[in-house]
Each structure stands twice: as structure tokens, then as C-alpha cells.
Amino acid sequence: MFARCSAGASRNSKYASKRLPLRRCTRSNSSTSAGTPKSPPHTQDRSRSKYAPRRLVIAIFSGAGLIAGWQLYNIYGKDSSFAAYSLLSKERVSSTASIFHLKPEGGAQDFERYTDARKRGIWNVHFKQPQLQIVRAYTPLPPLDSVGGEKQRELRFLIRNDPHGEVSGYLHRLPIGAEVEMRGPNVEYEFNPDVRQIVFLAGGTGIAPALQAAYALFEGNKAIDGDQTNKDKKLHILWASRMREDCLGGVSDAPPAETVPPKPTWSGFFSTPKAKPPPPVSQEQGLLVKELEALKKKYPGQVTVEYFVNAEDTWIDEDAVLRALSRFDGKDFTTGMTTPQEQRQILISGPPGFISYLAGPKEWRNGREEQGSVSKIVAHAISKNPHNVKVWKI
Ligand SMILES: Cc1cc2nc3c(=O)[nH]c(=O)nc-3n(C[C@H](O)[C@H](O)[C@H](O)COP(=O)(O)OP(=O)(O)OC[C@H]3O[C@@H](n4cnc5c(N)ncnc54)[C@H](O)[C@@H]3O)c2cc1C
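All values derive from a computational prediction rather than experimental measurement.

Details of the site of the ligand
Here comes step 1: Near the ligand lie 16 residues; those nearest to it are Arg136, Ala137, Tyr138, Asp162 and Ser168.
Here comes step 2: Between an oxygen atom of the ligand and a main-chain N or O atom of alanine 137, the distance comes to 2.6 Å.
Here comes step 3: A distance of 2.7 Å separates an oxygen atom of the ligand from a polar atom in the side chain of serine 168.
Here comes step 4: Here the ligand loses 54% of its free accessible area of 970 Å² to cover by the protein chains.
Here comes step 5: Broken down by secondary-structure element, the contributors of at least two residues to the shell around the ligand are strand S4 (134–138), strand S6 (155–160) and helix H4 (166–173).

A word on the packing of helix H5 (residues 207–220) against helix H8 (residues 287–298)
To describe two helices that pack against each other, one gives the angle between their axes and the distance between the axes.
Here comes step 1: Contact pair H5 / H8: the axes reach a minimum separation of 12 Å and the direction vectors enclose 20°. Viewed along their axes, H5 and H8 adopt a mutual orientation that is roughly parallel. H8 is crossed by H5, and the crossing has left-handed handedness. Here H5 contributes Ile207, Leu211, Ala214 and Glu219 to the contact with H8, which in turn contributes Leu288, Glu291, Leu292, Leu295 and Lys298.

With respect to the domain arrangement of the protein
Here comes step 1: Per the domain assignment, the segments making up the protein are domain 1 (83–187) and domain 2 (191–261 + 281–393).
Here comes step 2: Contacts between the two partners involve 23 residues from domain 1, matched on the other side by 18 residues from domain 2.
Here comes step 3: Between domain 1 and domain 2 the total buried area reaches about 1,900 Å² when both faces are included, carbon and sulfur atoms providing 61% of it.
Here comes step 4: Our enumeration of links across domain 1 and domain 2 arrives at 3 salt bridges.
Here comes step 5: Here aspartate 145 makes a salt bridge to lysine 298, at a shortest N to O gap of 2.8 Å.

Quick notes on the pairing of strand S2 (residues 97–104)
Side-chain positions along a regular strand alternate between the two faces of the sheet.
Here comes step 1: Burial within S2 is extensive, with 7 of its 8 residues counted as buried.
Here comes step 2: When strand S1 (residues 83–92) meets S2, the two strands line up antiparallel, connected through 7 bridges. Within the sheet, the bridge partner assigned to arginine 92 lies in S2 and is serine 98.
Here comes step 3: Counting the residues in the hairpin turn of S1 and S2 gives 4 residues.
Here comes step 4: Pairing of S2 with S6 involves 6 bridges; the strand directions are antiparallel. Directly across from isoleucine 99, in S6, lies its bridge partner leucine 158.

As for the pattern of salt bridges
Here comes step 1: The final tally for this structure, using the stated rule, is 16 salt bridges.
Here comes step 2: The partner of arginine 160 in a salt bridge is aspartate 246, and the shortest N-O contact between them spans 3.8 Å. Of this pair, arginine 160 sits in strand S6 while aspartate 246 sits in the loop between strand S9 (234–241) and helix H7 (267–270), and the two are 86 residues apart along the sequence.
Here comes step 3: Among the residues examined, arginine 160 registers a relative accessible area of 25% and is labelled partly exposed.

A few points about the sheet that holds S6
Here comes step 1: Strand order in this open sheet of 7 strands is S4-S3-S7-S1-S2-S6-S5, and the pairing throughout is antiparallel. Two strands close off the open sheet at either side, each with one partner strand: S4 and strand S5 (140–141).
Here comes step 2: Here H5 sits on the sheet in contact with strand S3 (121–129), S5 and S6, set at roughly 135° to S3.

Thoughts on the UniProt feature "binding site: FAD" (unreviewed entry) in the protein
Here comes step 1: As annotated in UniProt, the feature "binding site: FAD" (unreviewed entry) corresponds to Arg136, Tyr138, Leu158, Val167 and Ser168 in the numbering used here. These annotated residues cover 33 residues of sequence, and their C-alpha atoms lie no more than 13.7 Å from one another, placing them together at a single site.
Here comes step 2: Checked against the element boundaries, tyrosine 138 lands in strand S4.
Here comes step 3: What tyrosine 138 contacts, discounting residues up to four positions off in sequence, is Asn124, Val125, Phe127, Phe157, Ile159, Val167, Ser168 and Leu171.
Here comes step 4: Tracing the sequence through the fold places valine 167 in helix H4.
Here comes step 5: Apart from the residues within four sequence positions on either side, valine 167 is in contact with Phe127, Gln129, Ile134, Arg136 and Tyr138.

Conventions and cut-offs
Residues numbered from 1 in each chain as written. Predicted model: local features only at pLDDT ≥ 70, side-chain atom pairs only at ≥ 80, totals over all residues. Heavy atoms only, no water. Near = heavy atom within 4 Å. Polar contact = N/O pair within 3.5 Å; in protein donor to acceptor, adjacent residues only side chain to side chain. Areas by Shrake-Rupley, 256 points an atom, 1.4 Å probe, with all protein chains shown as cover. Helix = DSSP H or I, 4+ residues; strand = E, 2+ residues; numbered from the N terminus. Axes fitted to C-alpha atoms, helices over the stretch in contact; angles between N-to-C directions. Parallel < 35°, antiparallel > 145°, perpendicular 65-115°, else oblique. Left-handed = near helix turned anticlockwise from the far one by under 90°. Contact = heavy atoms within 4.5 Å. Domains from an automatic or database assignment. Buried area = accessible area lost by both parts, 1.4 Å probe. Salt bridge = Lys/Arg side-chain N within 4 Å of Asp/Glu carboxyl O. Buried < 20%, exposed > 50% of the residue type's maximum accessible area, 1.4 Å probe, protein only. Pairing = 2+ DSSP bridges. UniProt positions renumbered as here; feature names shortened; annotations may be inferred.

What follows is the structure, encoded as C-alpha cells:
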């Protein structure tokens, strides 16, 4: 909507500036055309001198208006307008998802906005399906350490191919080199500088915001915090996938020694313990598992990951969230409820059903999507091991 307005505005101003000399030209032509009674020269001079100051004022105001309009368009309009990106490559992650690499076709200034968003928190961009004129949000993956130079100006996206989906299907059908229209960034969740420890519950492509969280947490305030403060930060990711192929070769990090508080003795009477076969470990690692492993190497002891695969009957349940909460209990947090809430956060990202299953649904109020109350698994886990923790559904 905004984009169309700004595109129109820029076109109009272009036309306006072209029309202006044309009008003047027509007027002067008509005054000299054959058959039209001519005014005596002295009358023409007088009327010219009479109108000259007014014309000058109009011209100055029009010019100033055009300049102001152009500045406003640059400041406000551009953020919501679509920019052209070209599709460089697609890397297959699994039978249903690929990582897309895109490069801006415009100048470097277009990319600065994304560099800033990366440091702030969780963000997305909109892709346009041009035939249907519909847009969908997608979450850029953070830049890889292994790439430098021009490649740092690429955007990467993990995109699931929904066989019946309008935009994801369109994107997956695009050939390499195709142009994609994108607008953004939309910063969805900005980290408070106080944040120290995060438990991230990710479902499916919700791993992309988890990787963004890692980047913003460790790299975002690096210059301000310094290396020592950065070393106190921790991120624990619980990633649930439908199939093992989505997280091939992923092995969960062991829970901390002092883990789940003992269950009430009666709990075993009412539920038969599920015997879960250990997941088959593949020597081969999926692309995203490699990225998570690289993060663990870069921040040893600070990043930990647990994998859950629905097809193997492993789920993020109350025990898993309780175990994750116990990772919060570092030396800085023994004071319990007195620590500021922003320091410890549980972030949840994935399809609406995943968020709803873990913490209750987000709610629509007055045409806006709001957080809704925190209930279900996450609320029960917090009540069993009380923490002053902020919960945010992404
Ligand atoms: C903030 C945000 C970030 C996101 N980031 C990512 C990301 O990084 N990667 C990613 O892959 N996705 C991401 N998504 C999801 C993405 O925006 C799209 O929702 C997703 O790709 C599906 O869009 P689509 O146009 O392909 O499917 P749609 O056309 O919207 O269809 C979605 C599903 O609904 C079904 N459907 C459509 N119409 C009907 C109907 N009338 N009756 C019954 N069923 C119907 C379709 O069959 C399909 O299965 C994100 C979403 C949000 C909100």
C-alpha cells in the first residue's frame, strides 16, 4: 500500500517537473500565434513585469515543495517500498526447504538498513508475488562468518516449500538470476540491552529467528558491552522439526547436572513412561545443523541446542521446558525473583499451532495481533520453577 503510494508519488513528481516548462512554452506560443490580436509592446511589458514577481514566488514554492517531497520520500517512503533483489542460488536443506541467497540490485545504501536490523533483534522482510500482488513475511538468516566482502551483502532465507502456498511456491519455482521484489526491514522484536540469557523454543522455520537472536545477543551490543559482559550471555535453543531430514546429524547437548526438580511421587501412577528409542545419529550434517555447530564453537559453553523430531516422537514438553529453565540458574541469577525480567527471556517462534501449544495463542484485538496471556506448557513450567522471566511469542 505504502509502496504503491511512494512509487506513484515519485512518478508524479517526475511528470510534474516535465510538465512545468511545457505549459510555459504553450502559453508563449499562443501569445505569438497568428490571428490573435496582439497587445501593443508596452502593454505586454507592463503585464510581464506585473506578473513576474508572482511567477517567481510560485516557482520558488513549487521547487521547494518538490525538494521537500523528495526528501520525505527518501526518509519515510523508501522504508516501505519494494526493492529489486536477484536470486543468486538455492541450497537444498531437506525435501521441503531450501536456503535462498539474494543480492540487492540497487546501491549499497539499500543494504545499510539490514545491517542495522541484524544487530537489533528479530526482524523480517516482505516478498511480493507480482502476479497476485500479495506479500508474505520471511526471516533473513544472519551472515555467515566464513564469508566476507561482497558476500556480506547477501541476504539468506530458509524457505519451506508449501506445495499449495501462493508465495512460497512462487519463490521455489523461480529460476536462478530471477528478480525478486522485497521490502523491509520490519523489526518485530528488539532486544533490551539488559538481556543476558535466552531460552529459544523454535518450531520448523522458527529456527531462523533463533539464529537472528544469537546474532543480536552476541554481536548486537558487542561494542558497548565489551567482551567480558558478552561472556556472561547464554542462549539455549530447543528446535522442533517434523522430520529428521530437517535437522540431519543434530545431537542434543546434555542437560545441566542439577536439572529437573523431582516430580511428585504420584505422577508415575497416572502416566506410563514413554520408552523413546535413541535417535539415529547421521554422520552427515544438514546445513542448519552445521550453522548451529559453528555457533557453539564460536561461543563455547554459551550456546547449547536440543533437537526434537516429531516423527521420532520427541516433543518439547513440560519437562523439556523445565530443564531449559534450570539452565538459567547461573551464578548471576541466584537472587531469583529480584533480577530484572528483561535479563532472562523465553522466546517462542514457529507456526501458530506451535506457539499456541506451548504458551497459548497470540490474540487479535482491534485489528492488531497482540501477545495474549502466557498459558499451557510454558506457564506450568514457570510455576514449578519460578523465575522472573519475560516470555515473548514471535
Ligand atoms: C513474521 C513472519 C516470518 C516468517 N518467516 C518465514 C521464513 O523465514 N521461512 C518460511 O518458510 N516461512 C516464513 N513465514 C511464513 C510465510 O510468511 C508464509 O506464511 C508461508 O511461506 C506460506 O505462505 P504461502 O503464500 O506460500 O501460502 P498461502 O497461500 O498463504 O497458504 C498457506 C497454507 O494455507 C492453505 N490455504 C490457503 N488458502 C486456503 C483455503 N482457502 N482453505 C484451506 N487452506 C488454504 C494452503 O494450502 C497452504 O498450505 C513467516 C511468517 C511470518 C508471519
